[in-house]
Every structure is written in structure tokens, then in C-alpha cells.
Amino acid sequence: MKFSKIEVDGAYEITLEKKGDERGFFARGYCEDEMRDHGISFHMIQANIGFNKFQNTLRGLHYQIGSHAEKKLVKCVKGSIYDVVVDLRPNSSTYGHWAGRKLTADNHAMLFIPEGCAHGYQTLADNSEISYMVSAHYEPKAERGILWNDPAFNIKWKYSEDIILSDKDKNWPAFTS
């Protein structure tokens, strides 16, 4: 696994080190020891799958608070997404910053999202599917969100017209520090 720091402190784009031949390739998709070697403490306790029928579906920006705050490792297993992390940690050197990466079934890239950050993604192709591991169980009472197009962050989504959103995601509040 290759770890590349991105614009949010503690967040990484992770790519595979493929060992291949005429049959295809083999690669490690997760290793707790390698994560720890890069200063990432991540113990997975839940794995989730998200399927989206249509291109331009946007999910987010979500996070959990308190003892249910989550770290996430996100991978696109079918199609293509634009994955975004927003730093909401007041004591972070990148507080208020965001980063986005294109994750596809073909590039096999992953995004590690530290706790205290909001997460969202936009599908770039129909029938896109993600798989992600989390460090905490989902707790509805701890769930929070911020508006996907909050001017406080000015996120540059890949598509800005005809976005498909849930009612919940349309109605998250604007961010207040």
C-alpha cells in the first residue's frame, strides 16, 4: 500500500502496490500494521456498502460526534465517485479545509478519513458502489451533517447542476464554528 498525504491533516489517499502477471494482480487492500507505520490508528469494527443508481448522486456531508466519531477507509468497487473530506476539528492545522479525490473501480484508490471530519461523495457514473470500513458503530443520535454546498467551504464538486440529494442531505444546516 502506498500512502499519500492530502490537503486535510491526517487524511490519506491510499493506492495499491499490485503484484501482477498475465492472470491479473494481487494487492493488500488493508493492513493495520502498515496503517500504524504511517501514524494511523485504525481498527475496523463495521463495514458498509453504498450503491447509487444514478450519476450525480451526492451523499453527505456526514459525520458522527462524541464516542461515536468515526474514522473511515473508503473504496469505490464499481463505477466512479468523487470523494470529499472536510476538516471540522477546531484544533487542526487544516481546520475548515477540504480535499477531494476521484476513486474508481479501475484505479483501486482509497481515501482514509480521520474522525472529526465530515465525509461525502458524488457519483461520476451510473451504478456506482462504494465499500467502506469504519471505526465506530453507526449511532443515529450522534449523526450530524453539513450542507453539501456550504459557502464556508466552497467545495468544487465535479457536477453542480441536477444533483440528486436525499431530503436529509438537502436540509443539513450551514456550518457554524
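Below you will find a few notes about this structure.

1. So, the overall build of the protein chain
Helix and strand counts for the protein chain stand at 2 helices and 13 strands. In terms of C-alpha radius of gyration, the protein chain reaches 16 Å, essentially the compact-globule figure of 16 Å for 177 residues. With the C-alpha coordinates aligned to their principal axes, the bounding extent of the protein chain is approximately 50 × 35 × 25 Å. Scored against the burial criterion, the 177 residues of the protein chain give a buried share of 47%.

2. Examining the packing of aromatic side chains
Overall, the coordinates contain 6 aromatic pairs when judged by the stated rule. Taking 5.9 Å as the distance between ring centres and 75 degrees as the angle between the ring planes, the aromatic pair formed by Y30 and F42 counts as edge-to-face. Taken as a pair, Y30 in the loop between strand 4 (24-26) and helix 1 (32-37) and F42 in the loop between helix 1 and strand 5 (46-52) lie far apart in primary sequence, 12 residues in all. The exposure class assigned to Y30 is partly exposed, which follows from its relative accessible area of 25%. Here the aromatic rings of Y82 and W157 are separated by 6.4 Å at their centres, their planes lie at 80 degrees, and the arrangement is edge-to-face. Highlighted residues: Y82 in strand 8 (residues 80-87) and W157 in the loop between strand 13 (143-145) and helix 2 (167-170), separated in sequence by 75 residues. You can call W157 buried: its relative accessible area is 10%. Aromatic rings pair up to connect Y30, F42 and F112 into one cluster. Lying over the aromatic face of F25, K18 brings its terminal NZ or CZ to 4.8 Å of the ring centre.

3. Things to note about the side chain of T104
Inspection of the secondary structure puts T104 in strand 9 (residues 98-104). Polar side-chain contacts of T104 include one of 2.7 Å to the backbone nitrogen of N107. Here T104 is in contact with C76, G79, S80 and A109, once residues within four sequence places are set aside.

4. As for the pattern of salt bridges
Scanning the entire structure with this criterion turns up 9 salt bridges. Note that E32 is salt-bridged to R36, the shortest N-O span being 4.0 Å. You can see E32 and its partner R36 sitting in helix 1, 4 residues apart, about one turn around the helix. Of the charged contacts, one joins K72 and E70 as a salt bridge, the two residues approaching to 3.9 Å between their closest N and O atoms. As far as burial versus exposure is concerned, K72 and E70 are alike and both buried. Residues joined by salt bridges that share partners form a network here, namely E7, E13 and R101.

5. Looking at the sheet that holds strand 8
Reading across from one edge, 9-8-11-6-13 is the order of the 5 strands in this open sheet, with antiparallel pairing throughout. With partners counted over all chains shown, the strands left at the sheet margins are strand 9 and strand 13, one partner each. Across the sheet, the axes of successive neighbouring strands diverge by a mean angle of 25 degrees, strand direction being ignored. Examined bridge by bridge, strand 6 (residues 58-64) and strand 11 (residues 117-123) share 4 bridges and lie antiparallel to one another. Directly across from R59, in strand 11, lies its bridge partner Y121.

6. A closer look at the pairing of strand 8
Within strand 8, 8 of the 8 residues are buried, leaving the element largely enclosed by the surrounding structure. The alternating pattern of strand 8 places S80, Y82, V84 and V86 and I81, D83, V85 and D87 on opposite faces, both of which are buried. Where strand 8 lies against strand 9, 7 bridges are found, and the strand directions are antiparallel. Of the residues in strand 9, the one forming a bridge with I81 is L103.

The rules we used
- Residues numbered from 1 in each chain as written.
- Predicted model: local features only at pLDDT ≥ 70, side-chain atom pairs only at ≥ 80, totals over all residues.
- Heavy atoms only, no water.
- Helix = DSSP H or I, 4+ residues; strand = E, 2+ residues; numbered from the N terminus.
- Rg over C-alpha atoms; globule rule 2.2 N^0.38 Å.
- Buried < 20%, exposed > 50% of the residue type's maximum accessible area, 1.4 Å probe, protein only.
- Phe/Tyr/Trp six-rings, centres within 6.5 Å; stacked < 30°, edge-to-face > 60°.
- Lys NZ or Arg CZ within 6 Å of the ring centre and 35° of its normal.
- Polar contact = N/O pair within 3.5 Å; in protein donor to acceptor, adjacent residues only side chain to side chain.
- Contact = heavy atoms within 4.5 Å.
- Salt bridge = Lys/Arg side-chain N within 4 Å of Asp/Glu carboxyl O.
- Pairing = 2+ DSSP bridges.
- Axes fitted to C-alpha atoms, helices over the stretch in contact; angles between N-to-C directions.

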